[in-house]
Amino acid sequence: MSQHRHPGAPGRAGAVPALPDLPEATVARLPEYLRALHNLAESGHETVSSEGLASAAGVNSAKLRKDLSHLGSYGTRGVGYDVALLVDQIEYVLGLTQRRAVALVGVGNLGHALAGYDGFAGRGFRIAALLDADPSRVGEEINGLVVRHVDELPRVAAEEAIAIGVIATPARAAQAVADQLVAVGVTSILNFAPCVLSVPEGVDVRKVDLAIELQILSFHEHRKASLTALPATGGSALTALPGGLAVTDTQEAIGT
């Protein structure tokens, strides 16, 4: 993943000297490490072993050490990682040294819940604006913010220096909202609508689809049920799949 480079990291000695190029999988795990580190710091821990941090973050220690080596952080033999320093390093790489303003578009059930969530502030984000196209929603106050009409997005983006847009609209409206966000200079979008957005090069989109996550869990439930249903003799029974294809229970269970 290509990222812009920075001449140097501010703050503590030993901080990351330049923004490294990181694998997407590593970027996805850094917030988990950061969450675990904050919990450790709140518990009074000044250092943590790779095994301890890996366990707290839910990954294996070899993967964690490789991820942190991309940041130039290798820990100290017999001591582990300096918790405060590692927090500084990860927050810098994730761009959390400044609080980023977020515009949330769509304040239906999901959007309303997101607007009322207090956890964003502690993670480096400020919900700066709530917008909706429904006139009945405009003027409503949620968590201290008044909902504005989505047509005010250009003014809101300029006034609040919006860095990230969150789309929590129905799928049919999501593309138009994405186009409006891009038009006002927003280049990072978090999309909760169940659809694929088309955006120009240089615009990053992260998609959160709760139904897809449930479908993946359903697969795992199906697989576990198939494993427990295998004949005790070790034989294989045929299972008819939609379309007429037949596979053995063993094949179904292991995905072959």
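The structure we're discussing is the one just above.
Note that the structure is a prediction, hence the values are computed from the model and not measured.

**Student:** Tell me about the packing of helix 1 (residues 24-42) against helix 4 (residues 83-93), and please be specific about residues and values.
**Tutor:** Orientation of helix 1 relative to helix 4, taken along the N-to-C sense of each, is 145°, at an axis distance of 10 Å. You can see that helix 1 and helix 4 cross each other, and the crossing is left-handed. On helix 4, the residues that touch Leu30, Tyr33, Leu34, Leu37, His38 and Ala41 of helix 1 are Val83, Leu86, Val87, Ile90, Glu91 and Val93. Residue composition of the contact of helix 1 with helix 4, grouped by class: 10 nonpolar, one polar and one charged.

**Student:** Go over the sheet that holds strand 4 (residues 125-132), please, and point to the residues and values.
**Tutor:** Strands sit in the order 7-4-3-8-9-10 across an open sheet of six strands; the sheet is parallel. On the outer flanks of this sheet lie strand 7 (148-149) and strand 10 (204-207), each paired with one strand and no other. Pairing of strand 9 (residues 188-191) with strand 10, which is carried by four bridges, proceeds in the parallel orientation. Bridge pairing links asparagine 191 to lysine 207 in strand 10. Those strands touched by helix 7 (residues 153-160) are strand 3 (100-105), strand 4, strand 7 and strand 8 (162-167), and its axis lies near 165° from that of strand 4.

**Student:** Any chance you could break down the nonpolar core for me, citing the residues and the numbers?
**Tutor:** Residues Leu37, Leu53, Leu68 and Ile90 are the most contacted members of the largest nonpolar core, which totals 23 residues. When contributions to this core are tallied by element, the ones reaching two or more residues are helix 1, helix 2 (50-57), helix 3 (61-69) and helix 4. Beyond its immediate chain neighbours, meaning those up to four positions away, leucine 37 contacts Val48, Leu53, Val83, Leu86, Val87 and Ile90. Counting residues in each nonpolar core, the second largest holds 22 residues, with Val105, Val156, Ala178 and Leu181 among its members.

**Student:** Tell me about unusual backbone geometry, and please be specific about residues and values.
**Tutor:** Despite not being glycine, asparagine 143 shows a phi value in the positive range, around 50°. Along the chain, the position of asparagine 143 falls in the loop between strand 5 (141-142) and strand 6 (145-146). The phi angle at alanine 161 is positive, at roughly 50°, despite the residue not being glycine. Here alanine 161 lies in the loop between helix 7 and strand 8. Residue class for alanine 161 comes out exposed when judged on its relative accessible area of 55%.

**Student:** Could you give me a rundown of the side chain of threonine 169, with the residues and numbers involved?
**Tutor:** With respect to the helices and strands, the residue threonine 169 is situated in the loop between strand 8 and helix 8 (171-183). Those residues in contact with threonine 169 that lie beyond four places of it in its chain are Val105, Gly106, Ala174, Val177 and Ala193.

**Student:** Give me the lowdown on the pattern of salt bridges, citing residues and values where you can.
**Tutor:** What the rule picks out here adds up to eight salt bridges. Aspartate 67 serves as the salt-bridge partner of arginine 29, at 2.6 Å between the closest nitrogen and oxygen. Residue arginine 29 is found in helix 1, and its partner aspartate 67 is found in helix 3; the two are separated by 38 residues along the sequence. Take arginine 29: its relative accessible area is 19%, and that puts it in the buried class. The partner of lysine 224 in a salt bridge is glutamate 221, with the nearest N and O atoms 2.8 Å apart.

**Student:** Please give an account of helix 7 that cites residues and values.
**Tutor:** Because an α-helix packs 3.6 residues into every turn, residues spaced three or four apart end up facing the same way. Buried residues of helix 7: Leu153, Val156 and Ala157, and no others. Taken end-on, helix 7 shows its buried residues confined to a sector of 100°, consistent with a single buried face. In helix 7, the exposed residues that point more than 90 degrees away from the buried face are Arg155, Ala158 and Glu159. Contact partners of the buried residues in helix 7: strand 4, strand 7, strand 8 and helix 8.

**Student:** I'd love a proper account of the pairing of strand 4, names of residues and values included.
**Tutor:** Here strand 4 lies mainly inside the structure; six of its eight residues are buried. In the sheet, strand 3 pairs with strand 4 via six bridges, with the strands oriented parallel. Residue pairing in the sheet places valine 105 in a bridge with leucine 131 of strand 4. Sheet topology places strand 4 next to strand 7; two bridges connect them, and they run parallel.

**Student:** An account of the packing of helix 1 against helix 3 is requested, with residue identities and associated values reported.
**Tutor:** Interhelical geometry of helix 1 versus helix 3 gives an angle of 105° and a closest axis separation of 10 Å. Considering the angle they form, helix 1 stands roughly perpendicular to helix 3. Contacts from Thr26, Arg29 and Tyr33 of helix 1 reach helix 3 at Lys63, Leu64, Asp67 and Leu68. A per-class count over the contact of helix 1 with helix 3 returns three nonpolar, one polar and three charged.

Reading the values: rules and limits
- Per chain, residues are indexed from 1 in the order of the written sequence.
- For a predicted model such as this one, the threshold for reporting local features is a pLDDT of at least 70, and the threshold for listing and counting side-chain atom pairs is 80 or more; totals across whole chains, interfaces and linings nevertheless cover every residue.
- The basis for every side-chain value is the complete set of heavy atoms in the structure, and neither hydrogens nor water enter the calculation.
- Note on method: axes are straight lines fitted to C-alpha atoms, helices fitted across the in-contact stretch only, with angles between N-to-C directions ranging 0 to 180 degrees.
- In this text, helices come from DSSP runs of H or I with a minimum length of four residues, and strands from runs of E with a minimum of two, each type numbered from the N-terminal end.
- For any helix crossing, the convention is left-handed if the near helix is rotated counterclockwise from the far helix by under a right angle, and right-handed if that rotation is clockwise.
- In what follows, residue pairs with any heavy atoms lying within 4.5 Å of each other are defined as contacts.
- Three classes are used, and their members are as follows: Ala, Val, Leu, Ile, Met, Phe, Trp, Tyr, Cys and Pro are nonpolar, Asp, Glu, Lys and Arg are charged, and the others, Gly among them, are polar.
- Two strands make a pair as long as DSSP finds a minimum of two bridges between them.
- To qualify as a nonpolar core, a set must consist of buried Ala, Val, Leu, Ile, Met, Phe, Trp, Tyr and Cys residues joined through side-chain atoms within 4.5 Å.
- Exposure categories follow from relative accessible area, calculated using a 1.4 Å probe and restricted to protein chains: below 20% of the type maximum is buried, above 50% is exposed, and the middle band is partly exposed.
- Salt bridge, as used here: a side-chain nitrogen of Lys or Arg that lies within 4 Å of a carboxyl oxygen of Asp or Glu.
- Taken from the helix axis, the directions to the C-beta atoms give the arc we talk about.
- An angle below 35 degrees is read as roughly parallel, one above 145 as roughly antiparallel, one from 65 to 115 as roughly perpendicular, and any other as oblique.

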